[in-house]
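# Observations on the three-dimensional arrangement
The residues making up each chain are set out below.
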Amino acid sequence: MNIEADLVPYQVTHVPKGPYLILAPHPDDEVLGMGGTIALARKQNINVHVVCVTNGAKGGDFEVRRKEFLKSLEILNVKNTHFLNLEDRDVVSSTLLEEKLEHLIGSIKPAILFLPSIQEFHPDHRATTLKVWRFLRKWGNFDGKIWLYEITRQSEINKLIDITSVIENKRKAIAAHSSQVFKYSLLDVAIAINKARSYTLERNVEYAEGFYELDRDECLIYPRLLSYIDDFFATKQPLVSVIIRTKDRAVLLKEAIESIIAQTYSRIEIIVVNDGGEDVKDVIEVFEASGKDIKYIHLPKNVGRSRAGNVGLENARGEYVCFLDDDDVFYVNHVETLVEAVKNSGFHVVYSDTERAKYVFVKDEKRQLLEKELYFSQDFSFHQLLLENFIPLNCLLFKKTVIDRAGGFDDSFDLYEDWDLLIRCARICNFYHVKKVTSEYRIWHKSQITQSQGASFQELKAYSHLLEKHKELITPEVIFSYFQLSGSRKGEILRLKNEKERQLETFKKELGQKDSIISDLNVNISLLKSRQLELEHIIQERDRTISSLNGEIQQLLHDKTILISQLNEIKESLGWRYLRSIRNLFNRIAPPNTRRGRFLFLARRTVNVYLDEGIRGVKTRIRYRLKNKKIPNLQAENTAERDWAECGFAQKKPIDIIIPVYNALSELKECLKSIEHYSDIHYNNLILVDDKSPNKDVRKFLNAFKNKNSDKNVIVIFNEKNLGFSASLNKALKYSRNDCIILNSDTLVTPKWIEKLQRAAYSRPLVGTVTPFSNHAFICSFPRPLEYNFLPNEFTLEGFSKALEEVSLFYYPEIPFGSGFCMYIKRKLIENIGYFDSELFGRGYGEDTDFCLRAAKAGYKNILDDATYIYHKGGASFESSKDPEKLRKKNEMIRENLEKLEARYPEYHNMIKKAISDLSFVRDYLVKRLEIEK
Amino acid sequence: MKILYVLHQDPNGYPAGIEQHLLDLIGGLIPLGCSISLFFPKKDGYILRSCEGPLNYKESFFKGPIVDFDTLRNQHVEKILKDVLHTNKFDLVHFQSLRHLPLSLIEVAKDCGVPTIISLHEYFLWCIHFILLTPEFCNFASNPEKCAVCLRSQGYNHMTGALVQKRREYINELLHLVDSVVCPSDYVKALFLELYGLDLKERFHVIENGTDINSFVSTTRFSGSTLNVAFLGNFLRHKGSYIFEELLKSCLDIKNMKFFIIGNLYEKLSTHYPNLTIVGGYNRAHLTNILQKHSVNVALLLSVIPETFSFTLSEAVLNQIPVMGIDLGSIRERVARYKVGFLIPHESPVSYLKERLLFILANKDVLELFQAQCRSSQEALSTISKMTDEHVTLYSKIIN
């Protein structure tokens, strides 16, 4: 039990900080309830706003009351007053309060909002607080405190403010309401409450005002207010007790309870009486936890339906009682319909109709509905009730006093106990029939939860017991009237049957007509859909062609500009000018567009080719010319965008995989094997550029590879002379029109590598390049950066790649530059910043870093794909490990290129340090999750 | 400094993200001696509000038509703003949102010789249906014809590809006309540069929205037994309400995981979930108490469209609560930058969410790791005063 200090404060509280917004339902409530506190607040210069909600016209002339209100507040030194002028006793139906409140709170920004206590008697007092509470809950923007003040009675409080020093001011302020104080002794009542409030305080405190401060969480949830609201509505809605008798049918019981909880009527208590069956506490607890009013009574042994029903009735608190079998359900409006019927009809027992639903169990507790039909639906007749139970118990709502007077269920019945109860209730009062289906009465087949065969021995026994009990009521008149009623019903049934058959025929005809219309419409729809698809396809094709042509036009215009500038340079050169006379001579000997002219052009070209490429170059060109071969179109056939969302991590658009090749045949074979295994070369393009490998087997292998994959998009380009890594890449990049992945020939790719890299590339705007993690990729090396890492022993490459993806954070962190061993490059970036700088970086090393740093300067981002891992052997093309001289040359080249990078990007080393530090979290996290020892 | 803010509605009415940001900014600027006015549409006209404080102001009303979202020019409204600018001699006009306003007001401000700034708090300058759901996220579709089809399906029946194209071209002109464009995140900056061209790069500035750190003091510890997971923010479809409901369904069998919705419930749940508690809407000042009361361990930010900033992410980090966010927009950017939780692939979020939550349940140290990251990231988050200072610096630079 609570001690006093939990229920009422034993210490006073200081006057809280303002500004205050006080809502007074009537023009005197604020001074009566908290006039002392207002006076104290004003003495401390706290800003006080008082809002008079109603005009108070029920208590007197409202003009008079208005003047009194202003005068009273003037005594308390309050200048900020507002009038809403709602009708007295009509706060509940007006919407003005909410409209004004938003503005008032917005403009005053009160630290405390004062409202009347919810325990006040006057409906306007309670309605004001309830409406404000509802509004604030919906609005959610008030971050001040709420204090409830008491006006005409002592309410629950948790704050007391000492007003002894200002009690005379309060008296004067109340007295200013001269039209009210003499009528209702308001002054005495208010001062008496203030005196009483000093009871728990020190002696020197003679008068105090009490408040209830809702704490912050109550401001949001208001559980205490909610309980009062229940009481508030209780005056309008009677409590209905629904009694469920159950035994060993937990699954069905849950459904039955759910159907009660779903009712549109809110004031319901549920009483579950377990008649000695298996405990269903866990089912009940779920509902209890969600705050439902549910009571569970578990009888230790089976006592029979009547006794169980009486236990339920003994525990029912409701004014009205319903019953629901644990295998039946109410429809959502059941209780509301019956309570309305009670209100409107004045009857104490009412019933609605039910549908009898036949179910069959199929498998694993699943059920199938066989049929549903209206069950009985007959108006009340006492004579009929004596001979036939035509009102299922689930359909009824009883005023509890009627059942109490009837004496509840008769324990001597275990069957037909409901029928017996109905007869006894019907002797007290008539029943009212609502012709509306509001519940489902269920019959079960196969599993036989409820027997549905003919009358059993128990039924016959119960029936004879019932007749015996009520035999004095079953007079010949009763029997005669019953049969008369049955006869008229039979005639009525026949008439209805014929009418229904006629209606059925009409419906069938209409249905047939509608079916044919629907099928016609379906045909039309499918035709239109196919036409739409065709048109969309055509539009897509056209868009693709236009965009491809636009790209080509741009490229051609670009080339044209370069050529014109080159031509101008040539024309302005000394050599050109000096040789003008010789050219004129040639033009005279062999003018252009004549046979001699064409011959001279061909001869010149042949000489040029011979000088550049030797006799082999001349032969190759002649061979190509004779075979009329064309360079294949690198644009993939199927460039339609795939639906990104539906395909999960699927590719969005095709890409070109570009691999420059220089010797390292065995590594190349492994690399291509992994690409064939993990990439769709029908959808993407694979471009291999042989940079005139000295190893002749490379050329043979590449030709064989191309022939083997003739059905796929494989393009092999053979350089006529060794151009170096960067220039070979540029050559392929110029052919390509898509996003690209440049890849070293000594790498091994892993599952979903393209999909994942592309996903990263489109994860955010302005991504230019994406580099995956690798064992050997400078700052993108994993687990240790800048080092050559070995694959952990316990993993295969595929397994490691999958494990990395599973634990990845998908952060795709930004890095200053990626690594060209495997780098996804967006076409937009190439269009914007051009190609690799092959002039500065020569045969290789550093050109990828430079490319990325140029991308960053242009506004693009270089990112790391922390969900993808590609294996990189490293240095295979240089075969440096075998030849010390080559190793020396390679190191020399790396050193030179590094110097070039440092010259171009002085921050290069700091960028590396920062990147390593930025990536440490991701790296450490992944190492920990993959449980790799450093 | 005399500044005029132009926006789409009264910021004191329904303080959503933009309005909250503006009120914070005004609250920071006034003590610095700035004179602030607001210009916004209301009912059948336009309000010019001179602010002495966020809630202390004087107003003038100008009767005029309220325009639709797709209005490029309107002479009546242009005249109203022109008169306002001539009468009041502002040093700078800062457009916060142009919904319900003709876009040409930017031109008007420039014509009057007043330095002009736009803030990009939303995607309205790409699409008038700025939530970008059709019903799925359109990923900033660039084909005007496709956009017109979508807009027609959203009720803009007169929209054609040509109109969409014209509007974008006009916005491009305006972006080149203004003195500066302020973005609340790097993501927004990169996005609009990609959409409208990198040549605008120098005009774009990132100033993150500020959140007051002082009001947050919470530390919620994970006991190791029950993991409390909260959907933070308004419960709306585009904020990922349906993903959360799917997650609830899939986690029904996990007994030691409880879920909360801390935000206004605008979407109905299809059924009752025993593992869910609905806390409802919150005021920012109360959030710490609410999170502590329910011992929230993980915050879910499941927006299915890219957020331009996300105050809720700041709030979670300041309360040291690790987040799980869909990998889109500024949530992706900021979660990855501060390393304060998991990013969930937007293609199949539910399975990833469940897997990551189960992982946390089994590995308490992961949560502690992210909590430590939250603590260390708190200073990196912008405060209201920092945001105000950055604005003042930018304003001074432009005015001078």
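Cut-off values and rules
- Residues numbered from 1 in each chain as written.
- Chains lettered and ligands numbered in written order.
- Predicted model: local features only at pLDDT ≥ 70, side-chain atom pairs only at ≥ 80, totals over all residues.
- Heavy atoms only, no water.
- Helix = DSSP H or I, 4+ residues; strand = E, 2+ residues; numbered from the N terminus.
- Contact = heavy atoms within 4.5 Å.
- Areas by Shrake-Rupley, 256 points an atom, 1.4 Å probe, with all protein chains shown as cover.
- Pairing = 2+ DSSP bridges.
- Axes fitted to C-alpha atoms, helices over the stretch in contact; angles between N-to-C directions.
- Core = buried A, V, L, I, M, F, W, Y, C linked by side-chain atoms within 4.5 Å.
- Buried < 20%, exposed > 50% of the residue type's maximum accessible area, 1.4 Å probe, protein only.
- 1 Å grid on protein atoms, 1.4 Å probe; cavity = no way out; pocket = protein on both sides within 12 Å on 5 of 7 lines; lining within 4 Å.
- Points joined across faces, edges and corners; volume = space filled by probe spheres on them.
- Nonpolar A, V, L, I, M, F, W, Y, C, P; charged D, E, K, R; others polar.
- Buried area = accessible area lost by both parts, 1.4 Å probe.
- Salt bridge = Lys/Arg side-chain N within 4 Å of Asp/Glu carboxyl O.
- Polar contact = N/O pair within 3.5 Å; in protein donor to acceptor, adjacent residues only side chain to side chain.
- Phe/Tyr/Trp six-rings, centres within 6.5 Å; stacked < 30°, edge-to-face > 60°.
- Patch = residues over 30% accessible without salt bridge, like charges linked within 9 Å, V, L, I, M, F, W, Y side chains within 5 Å.
- Lys, Arg positive; Asp, Glu negative; His and termini not counted.
- Charge placed at Lys NZ, Arg CZ, Asp CG, Glu CD.
- Parallel < 35°, antiparallel > 145°, perpendicular 65-115°, else oblique.
- Left-handed = near helix turned anticlockwise from the far one by under 90°.
- pLDDT = per-residue confidence, 0-100.
- Expected span 1.5 Å × (residues − 1).

A count of helices and strands for chain B gives 13 helices and 14 strands. The contacts of chain B with a sequence gap of at least 6 include a subset with a gap of at least 24, amounting to 67%. Accessible surface, chain B: about 15200 Å² in total, of which carbon and sulfur atoms supply 51%.

We now examine the overall build of chain A. Check the secondary structure of chain A and you find 32 helices and 25 strands. Of the contacts formed within chain A by residues at least 6 apart in sequence, a portion of 80% connects residues at least 24 apart. When the accessible surface of chain A is totalled, it reaches about 48800 Å², and 53% of it is carbon and sulfur.

Right, let's talk about the sheet that holds strand β14 (residues 341-344) of chain B for a bit. All names here are of chain B. One open sheet holds the six strands; their spatial order is β11-β10-β9-β12-β13-β14, and the pairing between them is parallel. Each end of this open sheet is capped by a strand with a single partner; those strands are β11 (276-278) and β14. Between one strand axis and the next, the sheet turns through 20° on average, direction left out of account. With six bridges connecting them, strand β9 (residues 227-232) and strand β10 (residues 257-262) associate as parallel partners. Note that in β10 the partner of Asn228 across the bridge is Lys258. Where helix α9 (residues 311-318) meets the sheet, its contacts fall on β9, β12 (298-301) and β13 (323-326), and the angle it forms with β12 comes to roughly 170°. With respect to the sheet, helix α10 (residues 329-338) is in contact with β12, β13 and β14, its orientation differing from that of β14 by roughly 145°.

One finds Ile675 and Trp753 of chain A together with Ile262 of chain B to be the most contacted residues of the largest nonpolar core, which totals 211 residues. Among the nonpolar cores identified, the runner-up in size contains 41 residues, and Cys395, Phe409, Trp419 and Val478 of chain A belong to it.

The next point concerns the environment of Gln368 of chain A. Counting through the fold element by element, Gln368 of chain A comes out in strand β14 (residues 367-375). Those residues in contact with Gln368 of chain A that sit more than four places away from it in its chain are Lys358, Tyr359, Val360 and Val362 of chain A.

Leftover empty space is mapped by rolling, across the atoms, a probe with the size of a water molecule. Residue and element names in this part refer to chain B. Applying the stated rule across the entire model yields seven cavities of 30 Å³ or more. Of the volumes computed, that of the largest cavity is approximately 80 Å³. What lines the largest cavity is Phe95, Gln96, Ser97, Leu98, Ile118, Ser119, Leu120, His121, Glu122, Phe124 and Leu125. For the lining of the largest cavity, the per-class residue count stands at six nonpolar, four polar and one charged.

The subject of this paragraph is the interface of chain A and chain B. Each partner contributes to the interface: chain A provides 46 residues, whereas chain B provides 42 residues. Of the roughly 3600 Å² buried where chain A meets chain B, counting both sides, 55% is carbon and sulfur surface. Broken down residue by residue, the surface that chain A buries against chain B is led by Pro765, Tyr811 and Phe921 of chain A, which jointly contribute 17%. Scanning the region where chain A abuts chain B turns up three salt bridges. Linking Asp365 of chain B and Lys928 of chain A is a salt bridge whose minimum nitrogen-to-oxygen distance equals 3.3 Å. On the surface where chain A and chain B come into contact, there are ten residue pairs in polar contact (both at pLDDT 80 or more). At five residues, helix α32 (residues 908-930) of chain A tops the list of elements feeding residues into the side of chain A that touches chain B.

When we look at a pair of aromatic rings, we describe it by the centre distance and by the angle of the planes. If you walk through the whole model with that rule in mind, you get 43 aromatic pairs over all chains. Seen in terms of ring centroids, Phe342 of chain B and Phe370 of chain B are 5.2 Å apart; in terms of plane orientation they differ by 70°. Their pairing is edge-to-face. You can see Phe342 of chain B sitting in strand β14 and its partner Phe370 of chain B sitting in helix α12 (residues 364-377), a full 28 residues away along the chain. Exposure remark for Phe370 of chain B: the relative accessible area of 1% places this residue in the buried category. Of the aromatic side chains, those joined through ring pairs into one cluster are Phe773, Phe782, Phe795, Phe800 and Tyr869 of chain A.

Attention shifts here to a negative patch on the surface. Residue and element names in this part refer to chain A. A cluster of like negative charges, contributed by Glu278, Asp279, Asp282, Glu285 and Glu288, occupies part of the molecular surface. Structurally, Glu278 is set in the loop between β9 (268-275) and α12 (281-289). Residue Glu278 is classed as exposed on the basis of its relative accessible area, which comes to 62%.

Residue and element names in this part refer to chain A. Running from N to C, helix α6 (residues 167-175) and helix α8 (residues 186-196) cross one another at 155°; their axes reach a closest spacing of 10 Å. In terms of their interaxial angle, α6 and α8 are classed as roughly antiparallel. As α6 runs across α8, the sense of the crossing is right-handed. Seen from α6, the contacting residues are Ile167, Lys170, Arg171 and Ile174; seen from α8, they are Leu187, Ala190, Ile191 and Asn194.

This paragraph deals with the sheet that holds strand β3 (residues 80-86) of chain A. All names here are of chain A. As summarised here, the arrangement of the seven strands in space is β3-β2-β1-β4-β5-β7-β6, forming an open sheet in which the pairing is mixed. The open sheet terminates on both sides in strands that have one partner only, identified here as β3 and β6 (159-162). When the angles between neighbouring strand axes are averaged without regard to direction, this sheet yields 25°. When β6 meets strand β7 (residues 208-214), the two strands line up antiparallel, connected through four bridges. Looking across to β7, one finds that Asp162 is bridged to Ala208. Where helix α2 (residues 29-43) meets the sheet, its contacts fall on β1 (20-24), β2 (48-54), β4 (112-116), β5 (145-149), β6 and β7, and the angle it forms with β7 comes to roughly 95°. Relative to the sheet, helix α3 (residues 62-75) contacts β2 and β3, its axis offset from that of β3 by approximately 155°.

As a further point, take the confidence of the model for chain A. Residues with a pLDDT of 70 or more make up 90% of chain A, whose mean pLDDT is 84. Residue range residues 219-223 of chain A is modelled with pLDDT below 50. Its contacts to residues more than four positions away, or to other chains, number 14 contacts.

Two side chains that carry opposite charge are able to pair once their charged atoms sit near each other. Taken as a whole and assessed by the stated rule, the structure comprises 60 salt bridges over all chains. The shortest N-O distance in the salt bridge between Glu246 of chain B and Lys249 of chain B comes to 3.7 Å. Here Glu246 of chain B and its partner Lys249 of chain B are both found in helix α7 (residues 241-250), three residues apart, which amounts to about one turn of the helix. Judged by its relative accessible area of 38%, Glu246 of chain B is partly exposed. Shared partners join several salt bridges into a network, and the residues in it are Glu255, Glu355, Lys372, Glu440 and Arg442 of chain A.

Now for unusual backbone geometry. Residue and element names in this part refer to chain A. In this model, Gly18 is joined to Pro19 through a cis peptide bond whose omega is -5°. For Pro19, the position within the fold is in the loop between α1 (4-7) and β1. Looking along the chain, the bond that leaves Phe782 and enters Pro783 is cis, with omega of 5°. A positive phi angle is found at Asn663, which is not glycine, with a value near 55°. On the secondary structure map, Asn663 appears in the loop between β17 (655-661) and α23 (665-678).

Moving on to the side chain of Arg827 of chain A. All names here are of chain A. Inspection of the secondary structure assignment puts Arg827 in helix α28 (residues 827-833). Buried charge Arg827 goes without a salt bridge, the closest partner of opposite sign being Glu831 at 5.0 Å. For Arg827, the side chain forms a polar contact with the side chain of Ser736, separated by 2.9 Å.

With that out of the way, let us pick up helix α11 (residues 349-362) of chain B. Over its 14 residues, α11 of chain B runs 20 Å from end to end, which matches the ideal 20 Å to within 8%, given 1.5 Å per residue. For α11 of chain B, the complete set of buried residues consists of Pro349, Tyr352, Leu353, Arg356, Leu357, Phe359, Ile360 and Leu361 of chain B.

Across a regular strand the side chains alternate sides, sitting on one face of the sheet and then on the other. Residues and elements named next belong to chain A. For β7, a buried count of seven out of seven residues is recorded, marking the element as mostly surrounded by other parts of the structure. The alternating pattern of β7 places Ala208, Gly210, Tyr212 and Leu214 and Glu209, Phe211 and Glu213 on opposite faces, both of which are buried. One ladder, built from four bridges, connects β5 with β7; its direction is antiparallel. Directly across from Tyr149, in β7, lies its bridge partner Phe211.

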